[in-house]
Amino acid sequence: MKNFIQKIYQNRYFLLFILLFAYVQSIYIRIILRKQINAYTFTPDAALASLIGSGFLFLIILFFIKKWNKSETFSPKLLFKIFGASLFVYLLATNTLGLSIALLFGNVERNFNQETFSLSLFSKFLDSLIYGGFFLAYYYYLIHKKTAKKIAIYNKAMTESKVNQLKAQLNPHFLFNNLNVLDQLIEEDKDKASDFLNEFAEIYRYVLQSTDKELIRIEDEIDFAKQYFKLIKHKYHNAYQLQIECKSIIGFVVPMTLQLLLENAVKHNLGTEKNPICIHIKIDKIISVSNNINLKLNSKPKSERALKNLKEQYRLLSEKPIQIYQTENDFSVEIPIIHN
């Protein structure tokens with residue numbers, strides 16, 4: 001009983017629509033038949049009876065749906081089969097009940113003569129078509145809504161899974177590159193290598209913490225980029241220079257976005273004290289990271305795996321993609337700011 005009441009509450013708006021439709025229909029029929037308007041015209045008894053009768057029809061349709069339909073889709077053939085069988089059972093059941101009541105009160109001749117029975121049967125058939133059609137449309141809407149929700153949950157799970165896979169590729173990449181730098185520093189300057197290792201440990205703690213996050217605040221990413229650039233300065237001194245211009249820090253980005261672009265600029269361009277590579281990060285409505293070009297002789301194409309992975313993460317998490325621009329003298333990347 002509790003479950004039945006809960007079902008009625010869940011579908012209250014549809015049942016209210018059926019009641020209002022039946023009420024308007026009853027008023028219209030009474031005005032047409034009686035050709036007058038009085039207090040009786042607006043009584044809700046016929047509408048309530050239609051609601052109860054429609055509820056019985058709905059239960060019959062549900063019975064045949066569960067009996068014959070094993071999936072969440074309807075073929076036209078199955079739909080006609082369910083609807084036809086439901087109408088037949090409903091008309092048979094209601095007329096059998098009506099005949100039993102007529103026999104009980106001795107009104108068989110008045111209620112079941114040929115003319116009255118034909119008109120009553122035709123009226124019930126039309127009502128069944130109308131209310132049964134309403135119910136099937138509503139039921140199909142609920143199934144469609146349920147399916148759409150399942151698809152949305154599935155797509156979200158797939159997106160999260162894919163983002164995690166991409167992060168799993170980026171983190172070892174970050175670790176490997178910096179261990180290479182550490183290895184070189186150990187040979188050149190052990191004291192500098194020790195400082196580098198301490199700072200790198202702090203930075204990698206951030207990397208591990210951000211692994212579980214799809215997005216991170218812009219201000220946190222800026223702080224991380226500044227710390228990471230200190231590692232670059234350990235090895236290259238003033239051969240690479242960083243300028244950060246912030247007009248707005250409201251919003252989120254994919255973790256390690258700026259670090260990857262800084263690393264990309266250093267990896268592909270040869271900077272010197274006299275001709276440094278100047279990296280400019282500007283944060284406004286979007287994030288723009290640009291640098292002058294002085295390509296290394298052994299530089300790989302810009303479409304390396306890490307940058308591809310970053311583009312893929314933004315494709316999954318943002319409506320706007322990453323934009324890459326390159327001229328003869330400059331290379332720049334535009335990153336969308338994610339606000340949700």
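Scoring rules and cut-offs
- Residues numbered from 1 in each chain as written.
- Predicted model: local features only at pLDDT ≥ 70, side-chain atom pairs only at ≥ 80, totals over all residues.
- Heavy atoms only, no water.
- Phe/Tyr/Trp six-rings, centres within 6.5 Å; stacked < 30°, edge-to-face > 60°.
- Helix = DSSP H or I, 4+ residues; strand = E, 2+ residues; numbered from the N terminus.
- Buried < 20%, exposed > 50% of the residue type's maximum accessible area, 1.4 Å probe, protein only.
- Lys NZ or Arg CZ within 6 Å of the ring centre and 35° of its normal.
- Expected span 1.5 Å × (residues − 1).
- Salt bridge = Lys/Arg side-chain N within 4 Å of Asp/Glu carboxyl O.
- Pairing = 2+ DSSP bridges.
- Polar contact = N/O pair within 3.5 Å; in protein donor to acceptor, adjacent residues only side chain to side chain.
- Contact = heavy atoms within 4.5 Å.
- Patch = residues over 30% accessible without salt bridge, like charges linked within 9 Å, V, L, I, M, F, W, Y side chains within 5 Å.
- Areas by Shrake-Rupley, 256 points an atom, 1.4 Å probe, with all protein chains shown as cover.

With an unreviewed UniProt entry as reference, the protein chain is termed Sensor histidine kinase, source organism Mesonia sediminis.

## Some points on the packing of aromatic side chains
For the structure shown, the criterion picks out 14 aromatic pairs. Ring geometry for Phe56 against Tyr90: centres 6.0 Å apart, planes inclined by 45°, an arrangement best described as tilted. Taken together, the positions of Phe56 in helix α3 (residues 45–68) and Tyr90 in helix α4 (residues 76–105) put the pair 34 residues apart, joining distant regions of the chain. Looking at Phe56, the relative accessible area reads 37%, which means it is partly exposed. In this structure Tyr90 comes out as buried when scored by relative accessible area, which is 12%. One aromatic cluster in this structure is built from Phe14, Phe58, Phe135, Tyr138 and Tyr139. Seen from the ring of Tyr40, Arg30 lies directly overhead, with NZ or CZ sitting 4.2 Å from the centre. When the ring centre of Trp68 is taken as reference, the NZ or CZ atom of Lys81 above it lies at 4.4 Å.

## Considerations on helix α9 (residues 257–268)
Here α9 spans 17 Å end to end across 12 residues, near enough to the 16 Å set by a 1.5 Å rise per residue. Within α9, 11 of the 12 residues are buried, which leaves the element mostly enclosed by the surrounding structure. Those residues of α9 that sit buried are Thr257, Leu258, Gln259, Leu260, Leu261, Leu262, Glu263, Asn264, Ala265, Val266 and His268.

## A short note on the pattern of salt bridges
Applying the stated criterion across every chain yields a total of four salt bridges. Here Arg217 and Glu219 are joined by a salt bridge, their closest N and O atoms 3.5 Å apart. The exposure class assigned to Arg217 is partly exposed, which follows from its relative accessible area of 40%. Linking Asp220 and Arg217 is a salt bridge whose minimum nitrogen-to-oxygen distance equals 3.1 Å. Assessed through its relative accessible area of 23%, Asp220 is described here as partly exposed. One continuous salt-bridge network, built from bridges that share partners, spans Arg217, Glu219 and Asp220.

## Re the pairing of strand β7 (residues 330–336)
Most of β7 sits inside the fold, with five of its seven residues counted as buried. As defined by bridge partners, strand β6 (residues 323–326) adjoins β7 across four bridges and the pair is classed as antiparallel. Its bridge partner being in β7, Gln323 is matched across the sheet by Glu334. Taken together, β6 and the strand that follows it, β7, pair antiparallel across an intervening segment of three residues.

## Observations concerning the side chain of Ser318
Within the element layout of this structure, Ser318 appears in the loop between α10 (305–317) and β6. At a separation of 3.1 Å, a polar atom in the side chain of Ser318 contacts the main-chain amide nitrogen of Lys320. Contacts of Ser318, omitting those with residues within four sequence positions, involve Pro336 and Ile338.

## Structural notes on a nonpolar patch on the surface
A cluster of nonpolar side chains, Phe122, Phe125, Leu126, Leu129 and Ile130, forms an exposed patch at the surface whose accessible area comes to about 410 Å². Take Leu126: it is sitting in helix α6 (residues 114–188).

## Details of the environment of Ser290
Inspection of the secondary structure assignment puts Ser290 in strand β5 (residues 286–292). Take Ser290: its relative accessible area is 22%, and that puts it in the partly exposed class. Taking the C-alpha atoms as reference points, Ser290 and Ile279, separated by 11 residues in sequence, lie 5.7 Å from one another. In this structure, Ser290 is in contact with Cys278, Ile279, His280, Phe331 and Ser332, ignoring residues within four places of it in sequence.

## Brief notes about the side chain of Ser128
Mapped onto the elements of the fold, Ser128 is located in helix α6. For Ser128, a relative accessible area of 2% corresponds to the buried category.

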